[in-house]
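So the chains spell out like this:
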Amino acid sequence: MLTQPLDREGLTHENGLDAQRLLPWPELNAPFEGSWCVIRPGTASTAHAHHEYEIFIAVAGSAVLESQGVRKPFTTGDIVHFTPGIDHRVINESDEDFEMYSVWWDLDMTQRFAARHEGAQA
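Residues numbered from 1 in each chain as written. Predicted model: local features only at pLDDT ≥ 70, side-chain atom pairs only at ≥ 80, totals over all residues. Heavy atoms only, no water.

Further remarks concern the sheet that holds strand E3 (residues 33–39). Two pairing modes exist for strands in a sheet, parallel and antiparallel, and in both the strands are linked by backbone hydrogen bonds. Strands sit in the order E1-E2-E3-E9-E4-E7 across an open sheet of 6 strands; the sheet is antiparallel. Single-partner strands in this sheet number two, and they are strand E1 (12–14) and strand E7 (79–82). Pairwise comparison of adjacent strand axes, ignoring direction, gives a mean angle of 30° for this sheet. As paired strands, E1 and strand E2 (residues 17–23) are joined by 3 bridges and run antiparallel to one another. Residue pairing for E2: glutamate 14 is matched across the bridge by leucine 17. (Pairing = 2+ DSSP bridges. Helix = DSSP H or I, 4+ residues; strand = E, 2+ residues; numbered from the N terminus. Axes fitted to C-alpha atoms, helices over the stretch in contact; angles between N-to-C directions.)

Put into structure tokens, the structure is as follows:
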């Protein structure tokens, strides 16, 4: 069993939130990448769009998702999917940290995964 620990004290501030990349790591072959994210009270992630597909999984707290001019509640247990090119951000209007996990992927990641997988099987 492989474990990649979360270092809450070592989170890096980027894109308007505090995060730690947990995927990938050298021993793990995966067709995606992922990050633990914390949006502090009264702050928001930076609005952005990109070429990857992405899902957010709400882990703790409540926030608001904003995308394409639409705002929706985003609370523990919710999951959202963004297709490439869709702008999005998470806004924490509460008095507590909002925690989520983000996973993203694209064709290049999938192809690298397949090549590593084939090489490991040879």
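After presenting the structure, the write-up continues.
Pairing is antiparallel in the open sheet, where 3 strands are placed in the order E6-E5-E8. The sheet is open, and its two borders are formed by strand E6 (70–75) and strand E8 (89–91), each paired with just one other strand. Direction aside, neighbouring strands of the sheet carry axes that sit 35° apart on average. Pairing geometry for strand E5 (residues 62–67) and E6, over 6 bridges, is antiparallel. When the bridges of E6 are listed, serine 67 appears paired with valine 70.

With numbering matched to this structure, UniProt assigns "domain: Cupin type-2" (unreviewed entry) to residues 37–104. A distance of 13 Å separates the end C-alpha atoms of residues 37–104, which is 0% helix and 54% strand. (UniProt positions renumbered as here; feature names shortened; annotations may be inferred.)

This paragraph deals with unusual backbone geometry. Note: most residues except glycine have negative phi, and most peptide bonds are trans. The omega torsion of the bond from leucine 23 to proline 24 falls at -5°, within 30 degrees of zero and hence cis. Its identity as a non-glycine residue notwithstanding, asparagine 15 has a phi of 55°, on the positive side. Note that asparagine 15 resides in the loop between E1 and E2. Even without glycine at this site, glutamine 68 takes up a positive phi of about 55°. If you trace the backbone, glutamine 68 turns up in the loop between E5 and E6. Here glutamine 68 falls in the partly exposed class, since its relative accessible area comes to 46%. (Buried < 20%, exposed > 50% of the residue type's maximum accessible area, 1.4 Å probe, protein only.)

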